[in-house]
Amino acid sequence: MDVLHSRFLQWTKPLSTSLLLETLADLGRSKSQLIAENALLRQQLLILHRQAKRPACSKADRMLLVLLARLVRTWEQALVIVQPDTLLRWHRELFRLLWKRRSKAASHTPKIAAETIGLIKAMAAMNRLWGAERIRGELLKLGMHVCKRTVQKYVRHFHAPRPGGQKWVTFLHNHAGQIWACDALSGD
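Residues numbered from 1 in each chain as written. Predicted model: local features only at pLDDT ≥ 70, side-chain atom pairs only at ≥ 80, totals over all residues. Heavy atoms only, no water.

Let us look at the packing of helix α7 (residues 114-126) against helix α9 (residues 148-155). α9 packs onto α7 with a crossing angle of 65° between their chain directions and a minimal axis gap of 9 Å. For the pair α7 and α9, the crossing hand works out as right-handed. Residues I117, I120, K121 and A124 of α7 lie in contact with α9, whose contacting residues are V151, Y154 and V155. Each residue belonging to the contact of α7 with α9 can be placed in one class, and the counts come to six nonpolar, no polar and one charged. (Axes fitted to C-alpha atoms, helices over the stretch in contact; angles between N-to-C directions. Helix = DSSP H or I, 4+ residues; strand = E, 2+ residues; numbered from the N terminus. Left-handed = near helix turned anticlockwise from the far one by under 90°. Contact = heavy atoms within 4.5 Å. Nonpolar A, V, L, I, M, F, W, Y, C, P; charged D, E, K, R; others polar.)

If you want it as structure tokens, here you go:
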């Protein structure tokens with residue numbers, strides 16, 4: 001009985017910890033050994049499914065499940081630990097993460113020279129009424145080609161919000177006498 005038990009453990013014990021090496025090692029195993037291991041793993045999954053309502057999956061586990069699900073045609077039926085919707089959500093998150101990393105700039109250094117940025121900031125500080133288009137025009141006169149959006153990026157931090165001025169009601173109250181005189185003398 002002990003011999004049978006030790007042989008069973010030997011057949012079902014993984015040869016290594018690497019998925020690639022385990023897969024290569026499985027190529028040399030017989031079909032009956034693979035069926036036995038598959039049955040053992042399925043049984044463990046059934047027990048796990050009964051015991052834990054929400055098993056914890058690491059990021060590596062999630063990525064591996066998503067990648068393996070792409071290889072299996074009937075992946076929805078093969079899932080036991082997670083729901084198909086969960087796997088699809090993980091796939092979307094990985095896709096979002098991939099494109100977020102690819103669309104990031106290679107470095108955070110500005111694409112224009114530090115002197116140009118300093119000049120833009122100095123022009124904005126000394127000429128508070130100049131907008132981005134005017135500063136861009138002045139830079140073009142100096143032979144510096146910078147787009148309006150780049151100038152806006154550095155000017156935005158310098159310009160203080162302008163006061164709103166007087167309200168329309170205040171204007172009418174202050175100039176009511178002059179407005180009345182203009183209406184009376186228009187001659188139409």
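Here we come to a nonpolar patch on the surface. Taken together, L20, L21, L24 and L27 make up a surface patch of nonpolar side chains, about 460 Å² in accessible area. Mapped onto the elements, L20 comes out in helix α2 (residues 19-27). (Patch = residues over 30% accessible without salt bridge, like charges linked within 9 Å, V, L, I, M, F, W, Y side chains within 5 Å. Areas by Shrake-Rupley, 256 points an atom, 1.4 Å probe, with all protein chains shown as cover. Salt bridge = Lys/Arg side-chain N within 4 Å of Asp/Glu carboxyl O.)

Below, the discussion takes up the nonpolar core. Residues I117, I120, M123, A124, W130, A132, I135, L139, V146, V151, Y154 and V155 constitute the largest nonpolar core, which totals twelve residues. Broken down by secondary-structure element, the contributors of at least two residues to this core are α7, α8 (132-141) and α9. With four residues, the top contributor of residues to this core is α7. Ignoring any residue separated from it by four or fewer positions in sequence, one finds A132 in contact with K148, V151 and Q152. One finds A69, W75, V82 and L87 within the second-largest nonpolar core, a separate group that totals seven residues. (Core = buried A, V, L, I, M, F, W, Y, C linked by side-chain atoms within 4.5 Å. Buried < 20%, exposed > 50% of the residue type's maximum accessible area, 1.4 Å probe, protein only.)

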